[in-house]
2 protein chains.
Amino acid sequence: VNGAILCIGTELTRGEIENTNATWLAEQLTTLGVEVRVILVVDDDDARIREAVASAARAADVVVSTGGLGPTTDDITTAAVGRLLGLALKRHAPSLEAIRARMARYGRAMAPSNEKQADFPEGAAVLPNPHGTAPGFSVDVEGARLFVMPGVPGEMKPMFETNVAPFVRARRTAGMAQVRMKTFGLPESTVNDRLAGIEEALCVTIGYRAHFPEIEVKVRARAASDAEAAEQARTAAAAVRERLGRVVYGEGETTFPMAVGALLRERSLTMATAESCTGGLVGKLLTDASGSSDYFVGGVVSYANAVKTGVLGVDPATLEREGAVSEAVARQMAEGARRVLGADVALSLTGVAGPTGGTADKPVGLVHYAVATRDGTVARKILAGGHRGMVRHRAAFAGLALVREILLDAD
Amino acid sequence: VNGAILCIGTELTRGEIENTNATWLAEQLTTLGVEVRVILVVDDDDARIREAVASAARAADVVVSTGGLGPTTDDITTAAVGRLLGLALKRHAPSLEAIRARMARYGRAMAPSNEKQADFPEGAAVLPNPHGTAPGFSVDVEGARLFVMPGVPGEMKPMFETNVAPFVRARRTAGMAQVRMKTFGLPESTVNDRLAGIEEALCVTIGYRAHFPEIEVKVRARAASDAEAAEQARTAAAAVRERLGRVVYGEGETTFPMAVGALLRERSLTMATAESCTGGLVGKLLTDASGSSDYFVGGVVSYANAVKTGVLGVDPATLEREGAVSEAVARQMAEGARRVLGADVALSLTGVAGPTGGTADKPVGLVHYAVATRDGTVARKILAGGHRGMVRHRAAFAGLALVREILLDAD
């Protein structure tokens, strides 16, 4: 099955918003086994929408479009598709009722402009929208199946899952499966080298997606049935884990801070932070996960030296002698945080995030970090590349990786 | 001048990376006065690349393409363009030398695969790449000018600025100018309503870009010359400021935390944080800016109640009576942070970030926050909508907005 994605909206051709719909749809279709041949983005212009729909339909078996279904005058996708196909628009009574009911629920009166959202090309299948006023529709265009959906991601995604995904699955000639593995700690080229040969030996394809500073490894399998493909993907995933070891920290939607949190929770341990150059980022990452209060007690952001000494109890003489960015200070920060915040495990970071403040001895990107537990304190350092945001992000992950390593080694 | 953008790469049609190049190019071209008519994304397939180049050239006067100039076998953009135009590829000696020199500088030997990066269609103008091995080129296609650039953003952007931007400027029939204003505190529809009439009265166009939870307002002017357009844009920008007042916090690349930081710096004041539900996010936002150590001393992330009482000195009886998410606790957290961390201004936040933990009295999204200064403590609350990440982000900005309000009111 070949696919095409069409995104409609002048806000996209002007670069006013990121086209996250295109990326999401491309990933979903790929996972369903569809080869996406083209992604087209056009502004809200009747002629260009018609041309894009026609050209997408020529290129693919399934075309998914987003955008241009709103109530305003520049939302013209439905009319353009109708014109392209020579089909009159017809008002769909159940959709009109659903829009009216939805607006009443939010205490808003039905405007005439909303009524056009219930118009569809004659013969089109209506795709209900439980999350917004704009239903979608589906219609045949030059032998391809076109799915027209709204541009709001929260409305489009469920509509895709309810309508497009089953359509594609029913047309697939092969079974499909995918396992997404999350890794941290090796560059993409090394991960790639380590996995050499698995694709050929185990009949899968392996894809990579870099989410700095992590690499996601996707194992995809095709077989006679979905169950067979799942079996094949699981076998290959086991081989990937074998080759990468601890570098694989989880699967699917797991994040690295969540993986560290799960280890703490399993061991009934609590954690605290003492952050200098990361300024609160590690705490933010740990608490992105709901339920993190099970293990995260809190932290001290000791940006100023006075906070390092006054709150965390770092020795002023050490600070004077070694400087704030030093192994000795990182150790004392971690030990201080563990004591002051009353946690089992404490992670500290102190470094030069840049772009200024670097010296020959302590260049931009140098970060000392330490983890204190009841068994003692382990310190490390990294020299992270890139701009300030990258240095801070990389350092936060390195710190969390040291916590993970210590927890795993203790077993 | 009409434009088209073409992005080449299977990693894009598979959704493995976000297409940030397309958004950036669309924004740049729009700012230069180019009407972008289509954005095309295709995989690394010879026939589809040729078809996309031809179709983009028919739609536009200027076509910019990114991707497919690397050394590997799936990088075929140059060959496909040559084939489309019936032009043989010719090795460009100065480019070959530049690639060799660059690789030598990084201690790498020149591989045969790198040599093809010095091949260009006969007659094409070579676009040097000071930031990578792949030069770009520019050539006429069916009356349009095509610029072929690498996909790495750090290489593509300077190449665009050095080559495409001057080409477009030279062909513009009108002068252009833009002022970007950053706002926080009003929803997009309200900002839009408040600015009604400015476009018509002052001959500018106003665009909006939502970066949750902020709204950027872009004023664009066209006139006989760039200087005249700049004058027109400045007049309109002044009108926007007049209508929006304090909601405009800065221009260009200024971020909201930077704007708050600038107010602190001007007044020689220091700031500290006491964060519960935001878990360190406010500290992270403040320290995203280099030089924030001028005013930010640090913070306490008091996720657990024991940290609120033990480190910040919140009264256990208040905590017991009012609950952690309460005005009284927010006040004591801010006052405690100001005292313990030794800052002039302290911001605290405590709330229910969700998705679980909400009650009828204290629903998900409720956040109490307070700012303590030597003049006393001001407390506020918000009920933020959306998922956990949105609640936390919105709350962090609301807290920083209160700091800003207090600093501005004190003048």
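Please refer to the structure higher up on the page.
Values in this document were obtained by computation on a predicted structure and should not be read as measured data.

Remarks on the pairing of strand β14 (residues 296-302) of chain B
(1) Moving on: When you tally the buried positions in β14 of chain B, you get 7 out of 7 residues, the bulk of the element.
(2) Moving on: Examined bridge by bridge, strand β14 (residues 296-302) of chain A and β14 of chain B share 5 bridges and lie antiparallel to one another. Among the inter-strand pairings, G299 of chain A is bridged to a residue of β14 of chain B, identified as V301 of chain B.
(3) Moving on: Both strand β13 (residues 271-275) of chain B and β14 of chain B contribute to a ladder of 5 bridges, which runs parallel. Within β14 of chain B, the residue paired with M271 of chain B across the bridge is F296 of chain B.
(4) Moving on: Between the parallel pair β13 of chain B and β14 of chain B, the chain is carried across by helix α12 (residues 281-287) of chain B, and the sense of this crossover is right-handed.

Observations concerning the interface of chain B and chain A
(1) Moving on: Counting residues at the interface gives 58 residues for chain B and 58 residues for chain A.
(2) Moving on: Together, E16, E18 and Y303 of chain B form the three largest contributors to the area buried by chain B at its contact with chain A, with a combined 12%.
(3) Moving on: At the boundary of chain B and chain A, one finds 4 salt bridges.
(4) Moving on: A salt bridge links D288 of chain B to R392 of chain A, with the nearest nitrogen and oxygen atoms 2.7 Å apart.
(5) Moving on: Applying the counting rule to chain B against chain A returns 28 residue pairs in polar contact (both at pLDDT 80 or more).
(6) Moving on: Top contributing element to the side of chain B that touches chain A by residue count: strand β2 (residues 35-42) of chain B, with 8 residues.
(7) Moving on: Here the residues of the side of chain B that touches chain A sort into 23 nonpolar, 20 polar and 15 charged.

Let's talk about the relation of the copies chain B and chain A
(1) Moving on: Note on the identical chains: chain B maps onto chain A by a rotation of 180° and an axial translation of 0.1 Å, with an RMSD of 0.1 Å. Classification of the inter-copy transformation places it as that of a two-fold axis.

With respect to the side chain of R102 of chain B
All names here are of chain B.
(1) Moving on: Assignment of secondary structure puts R102 in helix α5 (residues 93-105).
(2) Moving on: As a buried residue without a salt bridge, R102 has its nearest oppositely charged side chain in E155, at a separation of 6.2 Å.
(3) Moving on: The contacts of R102, once residues within four sequence positions are left out, are P130, H131, G132 and T133.

A look at unusual backbone geometry
(1) Moving on: Omega for the peptide link from F212 of chain A to P213 of chain A comes to -5°, which places this bond in the cis form.
(2) Moving on: Locating P213 of chain A in the fold gives a position in the loop between β10 (204-211) and β11 (214-223).
(3) Moving on: A cis amide bond links G354 of chain B to the next residue, P355 of chain B, at an omega of 0°.
(4) Moving on: In this structure, P355 of chain B sits in the loop between β15 (345-351) and β16 (366-373).
(5) Moving on: Residues other than glycine seldom take positive phi values, yet C203 of chain A does so here, at roughly 55°.
(6) Moving on: Assignment of secondary structure puts C203 of chain A in the loop between α9 (198-202) and β10.
(7) Moving on: Here E142 of chain B, not a glycine, exhibits a phi torsion of approximately 45°, which is positive.

Regarding the packing of helix α11 (residues 256-266) of chain B against helix α16 (residues 388-409) of chain B
All names here are of chain B.
(1) Moving on: Across the interface, α11 lies against α16 with an axial gap of 10 Å and an inter-helix angle of 30°. Classified by the angle between their axes, α11 and α16 sit roughly parallel to one another. Crossing of α11 against α16: the hand is left-handed. Across from F256, P257, V260, L263 and L264 in α11, the residues of α16 making contact are F397, L400, A401, V403, R404, L407 and L408.

So, the environment of P130 of chain B
Residues and elements named next belong to chain B.
(1) Moving on: Take P130: it is sitting in the loop between β6 (125-127) and β7 (136-141).
(2) Moving on: For P130, a relative accessible area of 61% translates into the label exposed.
(3) Moving on: The sequence separation of P130 and M159 amounts to 29 residues, and the corresponding C-alpha distance is 8.6 Å.

Considering the packing of helix α3 (residues 46-59) of chain B against helix α4 (residues 77-85) of chain B
Residue and element names in this part refer to chain B.
(1) Moving on: One way to put it is that α3 packs onto α4 with a least axis distance of 9 Å and a crossing angle of 60°. Considering the angle they form, α3 stands oblique to α4. Both α3 and α4 take part in a crossing whose hand is right-handed. Each of D46, I49, R50, V53 and A54 in α3 lies in contact with α4, whose residues at this interface are T77, A80, V81, R83 and L84.
(2) Moving on: Counted by class, the contact of α3 with α4 contains 6 nonpolar, 1 polar and 3 charged residues.

As for the pattern of salt bridges
(1) Moving on: Counted by the stated rule, this structure contains 50 salt bridges over all chains.
(2) Moving on: Residue D46 of chain B pairs with R50 of chain B through a salt bridge whose shortest N-O separation is 2.8 Å. A residue pair is termed a helical-turn pair when its members lie 3 or 4 positions apart in one helix, as D46 of chain B and R50 of chain B do in helix α3 at 4 residues.
(3) Moving on: Residue R50 of chain B is classed as partly exposed on the basis of its relative accessible area, which comes to 27%.
(4) Moving on: Salt bridges sharing common partners tie together E35 and R37 of chain A together with D43, D45 and R48 of chain B.

Brief notes about the pairing of strand β10 (residues 204-211) of chain B
Residues and elements named next belong to chain B.
(1) Moving on: Judged from the 8 bridges that link them, β10 and strand β11 (residues 214-223) form a sheet pairing that is antiparallel. Among the inter-strand pairings, A210 is bridged to a residue of β11, identified as I215.
(2) Moving on: Here β10 folds back onto β11, and the loop between the two strands holds 2 residues.

Focus: the sheet that holds strand β12 (residues 248-251) of chain A
All names here are of chain A.
(1) Moving on: Strand order in the open sheet formed by 4 strands is β10-β11-β9-β12, and the pairing between neighbours is antiparallel. At either margin of the open sheet sits one strand with a lone partner, and together these are β10 and β12. The mean inter-strand angle of the sheet, taken between neighbouring strand axes irrespective of direction, is 30°.
(2) Moving on: Bridging between strand β9 (residues 175-183) and β12 involves 3 bridges; their strand directions are antiparallel. Each residue of the ladder has a partner; that of M181, found in β12, is E251.
(3) Moving on: Across the sheet, helix α10 (residues 226-244) touches β9, β10, β11 and β12, and the angle it forms with β9 is around 25°.

Thresholds, definitions, all that
Residues numbered from 1 in each chain as written. Chains lettered and ligands numbered in written order. Predicted model: local features only at pLDDT ≥ 70, side-chain atom pairs only at ≥ 80, totals over all residues. Heavy atoms only, no water. Buried < 20%, exposed > 50% of the residue type's maximum accessible area, 1.4 Å probe, protein only. Helix = DSSP H or I, 4+ residues; strand = E, 2+ residues; numbered from the N terminus. Pairing = 2+ DSSP bridges. Right-handed = clockwise from strand over helix to strand, strands pointing away. Contact = heavy atoms within 4.5 Å. Buried area = accessible area lost by both parts, 1.4 Å probe. Salt bridge = Lys/Arg side-chain N within 4 Å of Asp/Glu carboxyl O. Polar contact = N/O pair within 3.5 Å; in protein donor to acceptor, adjacent residues only side chain to side chain. Nonpolar A, V, L, I, M, F, W, Y, C, P; charged D, E, K, R; others polar. Least-squares fit on C-alpha atoms with pLDDT ≥ 70 in both. Lys, Arg positive; Asp, Glu negative; His and termini not counted. Axes fitted to C-alpha atoms, helices over the stretch in contact; angles between N-to-C directions. Parallel < 35°, antiparallel > 145°, perpendicular 65-115°, else oblique. Left-handed = near helix turned anticlockwise from the far one by under 90°.

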